[in-house]
Amino acid sequence: EHGYVIFWYNCDLLDAAGCTKLKSQIRAVMDELGGVKLIAYPWNSIDVPVAMTSWGRIQKFEVFDAELAQALYHANLNRAPEPNAP
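Residues numbered from 1 in each chain as written. Predicted model: local features only at pLDDT ≥ 70, side-chain atom pairs only at ≥ 80, totals over all residues. Heavy atoms only, no water.

Right, let's talk about the pairing of strand β3 (residues 50-54) for a bit. Burial within β3 is extensive, with 5 of its 5 residues counted as buried. Burial of β3 is two-sided: the residues V50, M52 and S54 facing one way and the residues A51 and T53 facing the other way are all buried. Here strand β1 (residues 5-9) runs beside β3; their pairing, made up of 4 bridges, is antiparallel. Following the sheet pairing, F7 is matched in β3 by M52. Where β3 lies against strand β4 (residues 57-61), 5 bridges are found, and the strand directions are antiparallel. Bridging from a neighbouring strand, M52 pairs with Q59 of β4. Hairpin connection from β3 to β4: 2 residues lie between these consecutive antiparallel strands, with W55 at a positive phi of about 50 degrees. (Buried < 20%, exposed > 50% of the residue type's maximum accessible area, 1.4 Å probe, protein only. Helix = DSSP H or I, 4+ residues; strand = E, 2+ residues; numbered from the N terminus. Pairing = 2+ DSSP bridges.)

Bringing the nonpolar core into the picture now. Core analysis: the largest hydrophobic core is formed by 18 residues, its most contacted members being F7, I26, L38, M52, F64 and A69. Listing elements by their share of this core, those giving two or more residues are β1, α1 (16-32), β3 and α2 (66-77). Excluding anything up to four places from it in sequence, F7 contacts I26, V29, M30, L38, I39, A40, Y41, A51, M52, F64 and A69. Residues I6, W8, I46 and A51 belong to the second largest nonpolar core, which totals 5 residues. (Core = buried A, V, L, I, M, F, W, Y, C linked by side-chain atoms within 4.5 Å. Contact = heavy atoms within 4.5 Å.)

Here you go:
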């Protein structure tokens, strides 16, 4: 998990269509970013539909925001202790 940005999603808070949409939005951001060090997992105990964690920080989203997600990803990548590591 070290150095990864993880999307957590809770479809219990959404209807089936909302869940499908959310997962496609997360997938689109992961594809846009090249999928490097990005993982998505279900987490049914969070109190929002989606959250991101990285470097011990958590960002919760009531509504998924692709631009904010990408900004957080880039900000967190630059926190890596070894930016040139493969």
